[in-house]
Each structure stands twice: as structure tokens, then as C-alpha cells.
Amino acid sequence: MDEQMTALRTPQIDANYLDEDFNSYNWDMFSSLFRNYYSHLTHSFKHEFQLFLRLLTSYNTLLSSRQSTTIGQQLLQIKYSSVPLTRYQKFFYLSSFVFSYIYEKFLVDYRRLLPFQFIYKLLVFINFLVFLHGGTYINLFERLSRLKTVHNHPPSLRILDYSYMKRELIWHTLNETLGTLIPFITSLKARTLMRKYLSGTIMKQLQQTNICSVCEQSIVMPHESIGDCKHYFCYICAYSLIQQSCPICFKTINNIKPKEFFSE
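Conventions and cut-offs
Residues numbered from 1 in each chain as written. Predicted model: local features only at pLDDT ≥ 70, side-chain atom pairs only at ≥ 80, totals over all residues. Heavy atoms only, no water. Helix = DSSP H or I, 4+ residues; strand = E, 2+ residues; numbered from the N terminus. Contact = heavy atoms within 4.5 Å. Areas by Shrake-Rupley, 256 points an atom, 1.4 Å probe, with all protein chains shown as cover. pLDDT = per-residue confidence, 0-100. Polar contact = N/O pair within 3.5 Å; in protein donor to acceptor, adjacent residues only side chain to side chain. Pairing = 2+ DSSP bridges. Salt bridge = Lys/Arg side-chain N within 4 Å of Asp/Glu carboxyl O. UniProt positions renumbered as here; feature names shortened; annotations may be inferred. Core = buried A, V, L, I, M, F, W, Y, C linked by side-chain atoms within 4.5 Å. Buried < 20%, exposed > 50% of the residue type's maximum accessible area, 1.4 Å probe, protein only. Phe/Tyr/Trp six-rings, centres within 6.5 Å; stacked < 30°, edge-to-face > 60°.

**Describing the overall build of the protein chain**
- A count of helical and extended segments in the protein chain gives 10 helices and 7 strands.
- Taking all contacts inside the protein chain whose residues are at least 6 apart in sequence as the whole, residues at least 24 apart take part in 52%.
- Of the roughly 19500 Å² that the protein chain leaves accessible, carbon and sulfur atoms contribute 61%.

**Considering the confidence of the model for the protein chain**
- With 83% of its residues at a pLDDT of 70 or more, the protein chain shows a mean pLDDT of 80.
- Ranking the elements of the protein chain by mean pLDDT puts helix H9 (residues 188-198) last, at 61, and helix H1 (residues 9-32) first, at 91.
- Across residues 200-205, confidence stays below pLDDT 50; counting only partners more than four residues off in sequence or on other chains, it has 4 contacts.

**Structural notes on the environment of Gln12**
- Along the chain, Gln12 turns up in helix H1.
- When the C-alpha atoms of Gln12 and Gly135 are compared, they prove to be 9.0 Å apart, with 123 residues separating the residues in sequence.
- Discounting chain neighbours no more than four positions away, the residues touching Gln12 are Ala7, Ile78, Phe131, Gly135, Ile138, Glu142 and Thr149.
- Looking at Gln12, its side chain comes within polar contact range of the main-chain oxygen of Ala7, at 3.0 Å.

**So, the sheet that holds strand S7 (residues 256-258)**
- Spatial ordering of the open sheet is given by S4-S3-S7, a layout of 3 strands whose pairing is antiparallel. If you trace the sheet from one side to the other, it starts and ends with strand S4 (232-233) and S7, each paired once.

**Section: the side chain of Gln89**
- Examined against the element boundaries, Gln89 turns out to sit in helix H5 (residues 87-107).
- A distance of 3.4 Å separates a polar atom in the side chain of Gln89 from the backbone oxygen of Ser145.
- Dropping the residues within four chain positions of it, Gln89 is found in contact with Ser82, Phe141, Ser145, Arg146 and Leu147.

**Remarks on the pattern of salt bridges**
- Within this structure, the stated rule accounts for 1 salt bridge.
- Residues Glu224 and Lys257 are paired through a salt bridge, measuring 3.9 Å at the closest nitrogen-oxygen approach. Placement of Glu224 in strand S3 (residues 223-225) and of Lys257 in strand S7 is noted, with a sequence separation of 33 residues between them.

**Quick word on the UniProt feature "transmembrane region" (unreviewed entry) in the protein chain**
- Mapped onto the present numbering, the UniProt feature "transmembrane region" (unreviewed entry) falls on residues 120-140.
- Within the segment residues 120-140, helix and strand shares are 76% and 0% respectively, and the terminal C-alpha atoms sit 10 Å apart.

**Describing the nonpolar core**
- In terms of nonpolar packing, the biggest core is built from 14 residues, with Cys212, Ile219, Phe233, Cys234, Cys237, Cys246 and Ile253 touching the most fellow members.
- Contact partners of Cys212, with chain neighbours within four places excluded, come to Gln217, Ile219, Phe233, Cys234 and Cys237.
- Core analysis: the next-biggest nonpolar cluster, separate from the first, contains 10 residues, Leu63, Tyr80, Phe97 and Leu147 among them.

**Some remarks on the packing of aromatic side chains**
- Throughout the structure, instances matching the rule amount to 13 aromatic pairs.
- Aromatic pair Tyr93 and Phe97: ring centres 4.9 Å apart, planes at 55 degrees, arrangement tilted. Residue Tyr93 and its partner Phe97 are located together in helix H5, separated by 4 residues, close to a single helical turn.
- Where Tyr93 meets Phe141, the ring centres are 5.0 Å apart and the plane angle is 55 degrees; that geometry is what we call tilted. Of this pair, Tyr93 sits in helix H5 while Phe141 sits in helix H7 (residues 140-145), placing them 48 residues apart in sequence. Each member of the pair Tyr93 and Phe141 is classed as buried.

Written as C-alpha cells, this is what we have:
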């Protein structure tokens, strides 16, 4: 059995995603420098700047004699079996950057090269299927340079903790419950029921004032119910109460009419 254990497939895939996320974040930070001034430079020389940032990052990570690992590999505690890289492997690593630059800048926009793009993506797909089967060489660069990814130390057993998942489930349940109940609580019928039943079975009727109990503003164009309820409200508010209960006496309002005031 080899002294260095070949890295599992999941850490290798995660390391690649972490490297891509770091390059994307690095580019966002760099392009933000030119957001207000010389923004045309980031559009005209986007691929050149990205190539420069990738080379600069690699110089301080994988190509460095001190680190010899990528950002994603450092986070997941994996590395290449050949450390430091040989000149042959460094050449293929830098060539992969140059090829990505040429592919993204020149080849993608040419429809005449669609067969080449298809062949390239097909090779990438086949290599990924072979990686899933064998567990080594996740990309073409690693396969050409014969670089295997290994663990820094044997992986330990992972203890699954569901406390975070439980908190998420509780929060989503509470959120959905409140989202269902709040519209009913704020509705007029719910407020009427709460005032009628939560304040006691026998509730003292409120006195009519010049403030509309629906909009809580001064009454404009007062209208009252045709029936037992004699309370009056704004015309718009009274119209909205048709076929509903009066918020003061809780009697059903079937229709409304203008309120007439008689002087004694």
C-alpha cells in the first residue's frame, strides 16, 4: 500500500470549484478598481488581466517552492504527489493557462471552430468519466503531466452533525407559519373576531366618534348601514364593509346609505 493515500473524488472536485471561485473573486476585486475610472480597460483587456491574475496566483501557490499547492488544495488538505513540480509539469500547468486564454478570447467566438470546441468538450467529458471511475486526474492537465492528488494525512471519519439542519427546519417552519397567519391577522374579519372574542364573551359596545374605526382618520362623506347597525364610517370604508361585520357592534352590514344628521 502506498505511503500517500490517493485523495477521494469529492475533495478533488471541491478543490477545483474553490480554485474557480477564488479566481472569480480575485477578478471581481481587481475589476472594481477600474469601476469608476478607465472601466473600458477591463472590457478591452479582460482576458489578459485574468491570465495575469491566474499566473500571479499560481506563482505564489502551486509554482512556489514553499506552498506547492493550489488555494483549494490548501483548504481541503490535499496536494499533488509530485512536490515540488518538475519543469515538465510546470510547463504543462502554464500551458493550460495559455490554452484557456486562447480558447476564451479567440476560439469561442468563431463559429468555424465549432467542431474543435465539440472535440475539446468531448475530451473533457470523457476525462471526467474516467476520473469518476478511477479517482485520479480530474482534468486534462493532470492527466498529461501524470499528477496524482493525495491527502496530506489519512482522512479521518467525518461526524455528521444535524444541529444546523434542525435550526434551518425550525426557522423555515416558523417563517411559513407566520407567513400564513399574518395575512389573516391583519384582515378586517380577523381583527373583528379578536376584538369580539379575545376581549371577553360580553364586550361593551364602543361609542361612536368622529374618527372612522376602519381607516382611523376623520370621517369623510359619512355613510351608515341600512339595518340594525347605526354606526357610520367614511363612504369608502363603509362600502368596503358591505357583507361584513361592523367593527364596533359586530352586526352584519348588508347595504349602506348616506348618514343624515338632524339638528334638535
